[in-house]
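Here are the chains, one letter per residue:
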Amino acid sequence: MSGTRSLSYGEAIREALAEEMRRDPGVILYGEDVAVYGGIFRVLAGLREEFGERVFDTPISENLIVGAAVGAAMAGLRPVAELQFADFVYCAADEIVLKCGTWRYAHDGAFRLPLVIRAASGGYGFGPEHSQCPEAFLMHQPGIRLAVPSTPDDAKGLLKTAIRSDDPVVFLEHKLLYGVKGEVPDGEHLTSFGRARVRRSGDALTIVAWQDMLRRVLAAAERLAADGIEVEVIDPVTLNPFDRETILGSVRRTGGCLVVEEAYRTLGVGAEIGALLMEQAFGDLDKPLRRLAIPDVPVPTAQHLVEALVPSVDDVVRAVRELVG
Amino acid sequence: MSGTRSLSYGEAIREALAEEMRRDPGVILYGEDVAVYGGIFRVLAGLREEFGERVFDTPISENLIVGAAVGAAMAGLRPVAELQFADFVYCAADEIVLKCGTWRYAHDGAFRLPLVIRAASGGYGFGPEHSQCPEAFLMHQPGIRLAVPSTPDDAKGLLKTAIRSDDPVVFLEHKLLYGVKGEVPDGEHLTSFGRARVRRSGDALTIVAWQDMLRRVLAAAERLAADGIEVEVIDPVTLNPFDRETILGSVRRTGGCLVVEEAYRTLGVGAEIGALLMEQAFGDLDKPLRRLAIPDVPVPTAQHLVEALVPSVDDVVRAVRELVG
Amino acid sequence: MSDAMDDATRLEVHRKMLLARRFEERVRRLAMAGELPATLHPGEGQEGCQIAALAALRPDDPMLYGHRGVGYWIARGLPLERILCDIAGKEGGTNRGKGGVMHVVDPGRAILGESGTLGGNFVVGAGVALAERLRRGDRVVVMFFGDGTSNRGQFHEAANFAGARKLPCLFFCENNGWAVSVPASESTAVRDIASRAAGYGMPGVVVDGSDLEAVYRATARAADRIRRGEGPVLLEAKVVRFLGHFVGDPEPYRTRESVEAERARDPLPRFQRELRARGLLDDARLAGLESEITTEIDRAVEHVRRQPLVAAATAFESVYAS
Amino acid sequence: MSDAMDDATRLEVHRKMLLARRFEERVRRLAMAGELPATLHPGEGQEGCQIAALAALRPDDPMLYGHRGVGYWIARGLPLERILCDIAGKEGGTNRGKGGVMHVVDPGRAILGESGTLGGNFVVGAGVALAERLRRGDRVVVMFFGDGTSNRGQFHEAANFAGARKLPCLFFCENNGWAVSVPASESTAVRDIASRAAGYGMPGVVVDGSDLEAVYRATARAADRIRRGEGPVLLEAKVVRFLGHFVGDPEPYRTRESVEAERARDPLPRFQRELRARGLLDDARLAGLESEITTEIDRAVEHVRRQPLVAAATAFESVYAS
Ligand SMILES: Cc1ncc(C[n+]2csc(CCOP(=O)(O)OP(=O)(O)O)c2C)c(N)n1
Ligand SMILES: Cc1ncc(C[n+]2csc(CCOP(=O)(O)OP(=O)(O)O)c2C)c(N)n1
Ligand SMILES: [Mg+2]
Ligand SMILES: [Mg+2]
């Protein structure tokens with residue numbers, strides 16, 4: 001059996017792209033500053049050199065970037081397109097919701113749409129239009145898969161799966177994770193969509209979180225464990241498909257749930273989890289739901305203001321104590 | 001005291017616009033086919049004649065339609081812009097989310113943005129890109145008010161309030177309601193944002209619904225009443241601000257909640273209501289939540305296929321019987 | 001010149017144009033009678049231009065069509081009953097009630113569909129052309145669109161991208177001077193949409209859409225250039241929209257007389273006169289053709305009447321491929 | 001000619017250009033030292049053009065600026081410490097940490113802000129111009145943007161609307177040939193963005209952005225025309241971006257030498273030579289000015305150091321007006 005190597009999240013993404021581009025000549029990679037610059041977050045180094053015209057830069061034309069992915073996919077390629085900042089899903093929402101999401105359906109399955117939209121979400125200091133986590137917007141729309149990798153391992157495995165998927169996938173890369181290291185399995189490594197991971201086991205409470213919030217939750221879990229409170233931490237890995245069963249199973253055991261997310265609170269992903277539990281685990285709950293999220297305020301620019309809005313490790317610790325009190 | 005008159009929902013909208021345009025010369029009205037045609041649903045007849053250049057047609061340029069409303073509002077006007085179909089909020093999502101929703105915040109309140117975006121939602125037979133109910137998308141975004149009038153009375157009163165509001169308002173008009181008649185109070189008539197209406201009282205169960213789904217729910221409530229099941233029906237009237245208290249108060253009494261909506265089920269408005277109840281009415285609930293919505297499938301074109309997806313009166317009756325059964 | 005139609009093509013263009021005209025007449029009648037949903041945007045007056053343009057392209061050239069009428073599909077030989085079944089939401093159409101007449105599709109005929117939000121065709125079509133170019137193919141991607149649609153941002157983004165990368169795209173504008181009720185003079189800063197081509201480094205060509213020989217020639221020349229790898233072309237045909245925007249449009253924005261005056265530009269009688277002059281058509285042949293077409297339409301209508309509605313379960317299918 | 005700068009204006013433009021240059025040098029130093037967030041997109045090389053253009057407009061002409069540097073605000077007389085406080089997230093700026101240096105705002109100086117998604121300025125600015133026109137005002141709305149930004153659909157939609165309705169807009173393109181790392185030749189189908197103007201029925205004018213006299217004249221003429229109600233103008237200045245896209249950009253996409261070669265087009269020494277030739281500047285006066293400017297910058301930096309961070313509660317404010 002093969003081992004693992006330590007890679008950063010960004011390196012894992014690069015490796016996934018390189019492997020899939022080697023494997024399938026139909027994979028192409030494009031976006032603003034993708035080719036020569038290697039991506040604005042510089043994670044794509046060397047791909048242009050290796051794959052030539054299959055890696056290219058586009059104009060600042062987000063509708064085109066996403067729309068052309070739909071067309072190229074219809075024509076049989078497997079485009080991987082980049083939106084520099086995840087907020088730009090709103091710039092191309094016509095193409096994301098109504099082209100990626102419904103072209104196949106409207107034409108009754110005449111086409112497969114194997115395309116990936118990579119976009120960098122979250123992170124601080126870039127202001128209200130360069131910092132959002134648009135998970136909820138995307139998860140609401142039918143026809144679009146949504147991956148939210150939290151570790152280098154999953155970043156690689158999910159991106160490879162996304163590229164091989166025959167459906168449109170939005171792949172959100174969290175800016176603050178690019179430099180974070182982790183073990184990645186050697187060799188061919190694919191991660192399944194729709195299977196949540198239990199990142200930590202416990203029976204005091206179920207916490208659902210992903211990406212940067214998962215890091216904060218795991219830090220909080222350490223602190224809580226020191227006091228004998230063992231929480232279970234679930235990383236959904238993909239939000240569409242969404243692994244309801246793993247969350248339900250955990251909550252049926254722990255009796256309660258806290259969702260920690262970096263999106264806006266109202267109709268954030270936590271809302272769906274809350275409703276799900278109330279529908280399907282009603283009898284097993286012994287605590288109210290808690291949601292920690294951005295309190296329905298745009299993301300400001302100054303770091304310390306952002307931190308006033310985004311759930312912190314302290315917030316998580318406090319919320320857990322209140323719930324398991 | 002003054003009486004009421006019977007107006008259609010469309011006529012009520014027209015009257016609200018005419019009154020506000022007479023009252024305030026800063027109100028302007030524009031969009032595709034708004035002026036000469038009187039709107040693609042023909043509810044604006046006579047406004048061009050009365051208000052001249054303050055009512056005008058635009059190119060097919062949805063980004064411009066919404067973006068210019070932001071600019072005109074910054075400059076002190078009160079634009080009422082129309083998107084022909086509510087699905088087109090995705091065509092202008094950059095402007096709706098990032099300009100309407102964050103321009104004021106990013107510039108720390110330097111401007112008020114008194115603008116209204118009218119858009120026709122729901123309805124059948126126009127296909128996947130002309131039939132959606134984008135409430136959930138809009139409700140998730142900070143900075144944007146969202147009105148969903150269900151009766152001629154509220155259509156008039158809410159639109160007048162929307163026009164006088166100093167914040168961006170998306171005003172969703174349901175296509176199937178334009179011709180529906182109802183009593184509208186004479187004289188100056190304003191409806192408050194953020195105050196839900198109890199459309200029918202009962203204690204068996206709380207049902208939340210609006211617009212066309214409200215009609216179906218009220219029809220179902222009649223049938224259920226014949227069997228002695230009295231449900232309470234709540235119309236939220238606006239989704240931002242969202243009157244959580246009225247829903248919580250009702251559910252605390254009835255012990256259960258059914259949400260019926262025409263949007264996609266996952267992260268539809270029902271998700272927020274479910275999470276809200278689980279957070280704040282946990283101890284008062286004696287039944288699981290139920291959500292009736294479109295089962296995460298785009299809206300097809302053929303009428304009978306649409307009806308296979310959208311909650312029906314029968315679906316509501318059945319769901320209530322199962323819950324209170 | 002190789003750019004001109006040959007006689008076989010002339011006869012085919014004429015037959016298809018007549019078929020499209022008569023077929024739409026029938027569809028409108030059925031819609032007004034309530035037998036079909038009134039979802040078609042009538043193409044009367046523009047079908048000849050559409051058909052002549054497509055005759056100058058190859059049958060495997062990928063097409064994203066406009067919402068204006070049935071000419072595009074008839075040009076590609078799609079059987080009438082399939083179109084009718086799509087309108088009616090019945091089994092036997094191309095999209096089983098999902099997309100109706102807005103989303104007729106047939107990859108085998110290189111009919112790639114349509115974007116319901118105007119302008120989507122541009123960006124999706126640019127992607128198809130990108131794939132064609134990367135694979136060194138020689139097909140031309142044709143995107144039909146109206147003058148009004150040229151005002152959407154997607155036009156700009158796709159045209160610039162196509163121009164910068166010399167993609168094999170033909171931007172085919174049917175300029176009928178209207179977007180529903182709004183005259184182009186009110187909404188559009190220029191008279192000729194083709195004048196926008198220069199801003200994207202591509203040739204812009206204007207042609208009289210009622211002169212089908214000219215439409216064919218201009219399209220053939222554009223396609224030639226594009227196939228040679230010299231990049232996209234914007235071709236604008238000036239056409240007349242004889243009818244309302246949709247079936248049942250009361251058209252308060254223009255007078256019947258103004259439209260009737262424009263009927264002088266109807267390409268159907270004009271092309272028929274030309275065919276007669278060339279000895280390709282006479283009264284007897286025309287009568288024969290009309291009756292053939294009537295039979296074909298009757299048969300299609302009968303067929304669709306017998307077809308069942310698509311099953312309700314269909315509504316849940318084909319959201320995802322996997 | 002009335003289109004030319006007068007001497008007072010020349011001196012003012014020079015002073016502001018030098019101030020912007022030295023101020024950005026300081027901001028970059030503070031950012032590299034970690035004392036300020038590195039959020040500024042350096043404007044070095046383009047500030048003269050921005051300042052000369054704004055000198056040819058009225059101080060009450062509404063402005064939506066670009067992301068490239070501080071020239072726009074200095075042209076309008078915004079005190080340095082307010083800009084610094086915005087960068088630092090401190091009390092005393094224009095947006096109290098909400099928008100930082102991307103969203104500097106001052107309605108009293110007709111600085112209306114900036115869209116974080118490129119292209120938003122076009123549609124928002126068109127709305128401001130619409131209001132101006134409906135109220136029969138005579139102000140000109142100026143929107144600054146880069147060559148790369150001209151490829152967004154919003155440019156097209158706003159330009160067409162402005163052209164069709166003859167709105168009082170000046171589309172001011174600073175074409176520096178780059179969008180971050182992507183050369184215009186790769187992304188943009190035309191060399192001159194101004195060539196797009198014809199597609200919107202407006203004049204398109206190209207000017208050398210390092211010739212500040214020419215920039216001023218062209219802007220004054222355009223503004224004149226616009227103020228007369230003759231509709232929008234697209235003015236394109238060819239400029240050089242001396243530095244990286246952002247502070248700390250390693251610029252792997254171009255060589256230092258290629259940039260140094262372009263430094264020959266630096267408008268600062270050129271304009272200084274012109275002022276000397278006109279007898280408006282000499283070594284002594286320049287030294288005096290430099291030292292005044294240093295003092296002004298020192299004072300602003302000292303001021304910002306003493307200012308407190310904006311209170312955390314601020315983050316929750318001003319989402320809604322009511
Ligand atoms: C983005 C978008 N905006 C508006 C519409 C509604 N709409 C459908 S057809 C049409 C007019 C189109 O005009 P044009 O492009 O000139 O084509 P024509 O109808 O004249 O053939 C409009 C406004 C739409 N489908 N999509
Ligand atoms: C819609 C959108 N796409 C991409 C970006 C990221 N971005 C910021 S500046 C920039 C380059 C802009 O180039 P140009 O307009 O030529 O201005 P310059 O930087 O050269 O001054 C990019 C891609 C953005 N802010 N908004
Ligand atoms: Mg038209
Ligand atoms: Mg540039």
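Residues numbered from 1 in each chain as written. Chains lettered and ligands numbered in written order. Predicted model: local features only at pLDDT ≥ 70, side-chain atom pairs only at ≥ 80, totals over all residues. Heavy atoms only, no water.

## Some words on the overall build of chain A
- Per the secondary structure count, chain A includes twelve helices and 14 strands.
- Taking 20 Å as the expected radius of gyration for a compact globule of 325 residues, we find that chain A reaches 19 Å, a close match to that expectation.
- Across its three principal directions, the C-alpha atoms of chain A cover 60 × 45 × 45 Å.
- Put simply, chain A has 325 residues, and 74% of those count as buried. (Helix = DSSP H or I, 4+ residues; strand = E, 2+ residues; numbered from the N terminus. Rg over C-alpha atoms; globule rule 2.2 N^0.38 Å. Buried < 20%, exposed > 50% of the residue type's maximum accessible area, 1.4 Å probe, protein only.)

## As for the overall build of chain C
- Counting secondary structure elements, chain C contains eleven helices and seven strands.
- The C-alpha atoms of chain C give a radius of gyration of 19 Å, which matches the 20 Å a tight globule of 322 residues would have.
- Taking the principal axes of its C-alpha atoms as reference, chain C extends roughly 55 × 50 × 40 Å.
- A separation of at least 24 residues holds for 75% of the contacts in chain C among residues at least 6 apart in sequence.
- For chain C, the separation between the mean place of its 44 positive charges and that of its 44 negative charges on side chains is 3 Å. (Contact = heavy atoms within 4.5 Å. Lys, Arg positive; Asp, Glu negative; His and termini not counted. Charge placed at Lys NZ, Arg CZ, Asp CG, Glu CD.)

## Considering the site of ligand 1
- Neighbouring ligand 1 are 21 residues, the closest being Glu-62 of chain B together with His-67, Arg-68, Thr-149 and Trp-178 of chain C.
- The local environment of ligand 1 is shared, drawing residues from chains B and C.
- In this structure, His-130 of chain B approaches ligand 1 through a side-chain N or O atom, which is 3.2 Å from a nitrogen atom.
- Take His-67 of chain C: an N or O atom from its side chain is 2.7 Å from an oxygen atom of ligand 1. (Near = heavy atom within 4 Å. Polar contact = N/O pair within 3.5 Å; in protein donor to acceptor, adjacent residues only side chain to side chain.)

## Remarks on the coordination of the magnesium ion (ligand 3)
All names here are of chain C.
- Donor atoms from the polypeptide that coordinate the magnesium ion (ligand 3) comprise Asp-147 (OD), Asn-176 (OD1) and Trp-178 (O), at 2.0 to 2.1 Å from the metal.
- In the primary structure, the donors to the magnesium ion (ligand 3) are separated according to the pattern D-x28-N-x1-W. With a gap of 29 residues between them, Asp-147 in the loop between strand S2 (141-146) and helix H6 (153-165) and Asn-176 in the loop between strand S3 (169-175) and strand S4 (178-179) connect regions that are remote in the sequence. An identical accessibility class is assigned to Asp-147 and Asn-176; each is buried. (Donors = N, O, S within 2.8 Å, 3.2 Å for Na, K, Ca; no water.)

## Considerations on the interface of chain B and chain A
- At the junction of the two partners, chain B supplies 52 residues and chain A supplies 52 residues.
- Buried surface at the junction of chain B and chain A, summed over both partners, amounts to about 4,400 Å²; 67% is from carbon and sulfur atoms.
- The largest per-residue losses of area from chain B upon contact with chain A belong to His-140, Leu-267 and Met-278 of chain B, which jointly make up 18% of the total buried on that side.
- Here chain B is connected to chain A by 22 residue pairs in polar contact (both at pLDDT 80 or more).
- The set of elements that each furnish at least two residues to the side of chain B that touches chain A consists of helix H4 (93-100), helix H5 (103-106), helix H6 (135-139), strand S13 (257-264), helix H10 (269-280) and strand S14 (290-294) of chain B.
- Taken together, the residues of the side of chain B that touches chain A break down into 30 nonpolar, nine polar and 13 charged. (Buried area = accessible area lost by both parts, 1.4 Å probe. Nonpolar A, V, L, I, M, F, W, Y, C, P; charged D, E, K, R; others polar.)

## Things to note about the sheet that holds strand S7 (residues 233-238) of chain C
Residue and element names in this part refer to chain C.
- If you walk across this open sheet you meet the five strands as S1-S2-S3-S7-S6, and the pairing is parallel. Single-partner strands in this sheet number two, and they are strand S1 (63-64) and strand S6 (204-208).
- Relative to S3, H6 is tilted by about 145°, and along the sheet it contacts S2, S3 and S7. (Pairing = 2+ DSSP bridges. Axes fitted to C-alpha atoms, helices over the stretch in contact; angles between N-to-C directions.)

## Quick look at the side chain of Glu-24 of chain C
Residues and elements named next belong to chain C.
- Along the chain, the position of Glu-24 falls in helix H1 (residues 7-32).
- An unpaired buried charge is present at Glu-24: no salt bridge exists, and Arg-28, the closest side chain of opposite charge, is 4.2 Å distant.
- A polar atom in the side chain of Glu-24 sits 2.8 Å from the backbone nitrogen of Gly-43.
- Discounting chain neighbours no more than four positions away, the residues touching Glu-24 are Leu-40, Pro-42, Gly-43, Glu-44, Gly-69 and Val-70. (Salt bridge = Lys/Arg side-chain N within 4 Å of Asp/Glu carboxyl O.)

## Let's talk about the coordination of the magnesium ion (ligand 4)
All names here are of chain D.
- Binding of the magnesium ion (ligand 4) to the protein goes through Asp-147 (OD), Asn-176 (OD1) and Trp-178 (O), at separations of 2.0 to 2.1 Å.
- Here the donor residues of the magnesium ion (ligand 4) are spaced in sequence according to D-x28-N-x1-W.
- Since its relative accessible area comes to 12%, Asn-176 is described here as buried.
- The exposure class assigned to Trp-178 is buried, which follows from its relative accessible area of 18%.

## Observations concerning the site of ligand 2
- In the vicinity of ligand 2 there are 21 residues, among which Glu-62 of chain A together with His-67, Arg-68, Thr-149 and Trp-178 of chain D approach most closely.
- Nearby residues place ligand 2 at the junction of chains A and D.
- Between ligand 2 and Gly-148 of chain D there is a distance of 2.8 Å, counted from an oxygen atom to a backbone nitrogen or oxygen.
- Computed on the free molecule, ligand 2 has an accessible area of 580 Å², of which 96% lies beneath the protein chains in the complex.
- Of the residues that constitute the shell around ligand 2, the class distribution is six nonpolar, ten polar and five charged. (Areas by Shrake-Rupley, 256 points an atom, 1.4 Å probe, with all protein chains shown as cover.)

## Some details on unusual backbone geometry
- Between Asn-240 of chain A and the following residue, Pro-241 of chain A, the backbone shows a cis peptide bond with an omega angle of 0°.
- Take Pro-241 of chain A: it is sitting in the loop between strand S12 (238-240) and helix H9 (244-254).
- One non-glycine residue with positive phi stands out, namely Asp-296 of chain B, at about 55°.
- Following the sequence through the fold, Asp-296 of chain B ends up in the loop between S14 and helix H11 (303-309).
- For Asp-296 of chain B, a relative accessible area of 23% gives the class partly exposed.
- Positive phi values are uncommon outside glycine, yet Val-180 of chain D reaches one of about 50°.
- Within the element layout of this structure, Val-180 of chain D appears in the loop between strand S4 (178-179) and strand S5 (182-183).

## Digging into the state of the cysteines
Residue and element names in this part refer to chain B.
- Using the criterion set out here, one finds zero disulfides over all chains in the structure.
- Just so you know, Cys-133 is unpaired, no disulfide at all, and the nearest cysteine sulfur is the one on Cys-91, 16 Å from it.
- Residue Cys-133 is classed as buried on the basis of its relative accessible area, which comes to 8%.
- Considering cysteine sulfurs only, Cys-133 is the nearest to Cys-257, which forms no disulfide, with 18 Å between them. (Disulfide = S-S within 2.5 Å.)

## A short note on the relation of the copies chain B and chain A
- The transform that puts chain B on chain A rotates by 180° and translates by 0.0 Å along the axis, for an RMSD of 0.0 Å. What the rotation and shift describe, once combined, is the action of a two-fold rotation axis.
- In this assembly, 100% of the residues forming the interface of chain B have copies in chain A that are likewise at the interface, indicating an isologous arrangement. (Least-squares fit on C-alpha atoms with pLDDT ≥ 70 in both.)

## Concerning H4 of chain B
- With eight of its eight residues buried, H4 of chain B lies for the most part within the structure.
- Ala-93, Asp-94, Glu-95, Ile-96, Val-97, Leu-98, Lys-99 and Cys-100 of chain B are the residues of H4 of chain B that are buried.

## Focus: the interface of chain B and chain D
- In this complex, chain B contributes 40 residues to the contact, which on the side of chain D involves 41 residues.
- For the interface between chain B and chain D, the tally reads four salt bridges.
- The interface formed by chain B and chain D holds 27 residue pairs in polar contact (both at pLDDT 80 or more) in total.
- Elements with a contribution of two residues or more to the side of chain B that touches chain D: strand S3 (55-57), helix H3 (62-74), H4 and H5 of chain B.
- Per element, the largest residue contribution to the side of chain B that touches chain D is nine residues, and it comes from H3 of chain B.

## Concerning the environment of Asn-176 of chain C
Residue and element names in this part refer to chain C.
- Between the C-alpha atom of Asn-176 and that of Ala-284, which follows or precedes it by 108 residues, the distance is 33 Å.
- Sequence-distant contacts of Asn-176, defined by excluding residues within four places in its chain, comprise Gln-46, Arg-68, Asp-147, Val-239, Val-240 and Arg-241.
- Of note is the side chain of Asn-176, whose polar atom sits 2.9 Å from the side chain of Gln-46.

## Topic: the environment of Thr-58 of chain B
- Residue position: Thr-58 of chain B is located in the loop between S3 and H3.
- Judged by relative accessible area, Thr-58 of chain B falls into the buried class, the value being 2%.
- Between the alpha carbons of Thr-58 of chain B and Val-34 of chain B there is a distance of 8.3 Å; along the sequence they are 24 residues apart.
- The residues touching Thr-58 of chain B, leaving out its near neighbours within four places in the chain, are Tyr-30, Gly-31, Glu-32 and Ile-65 of chain B, Val-182 and Ser-187 of chain C together with Phe-161 of chain D.
- A distance of 3.5 Å separates a polar side-chain atom of Thr-58 of chain B from the backbone nitrogen of Glu-32 of chain B.

Functional significance is not addressed by these values, which are geometric in nature.
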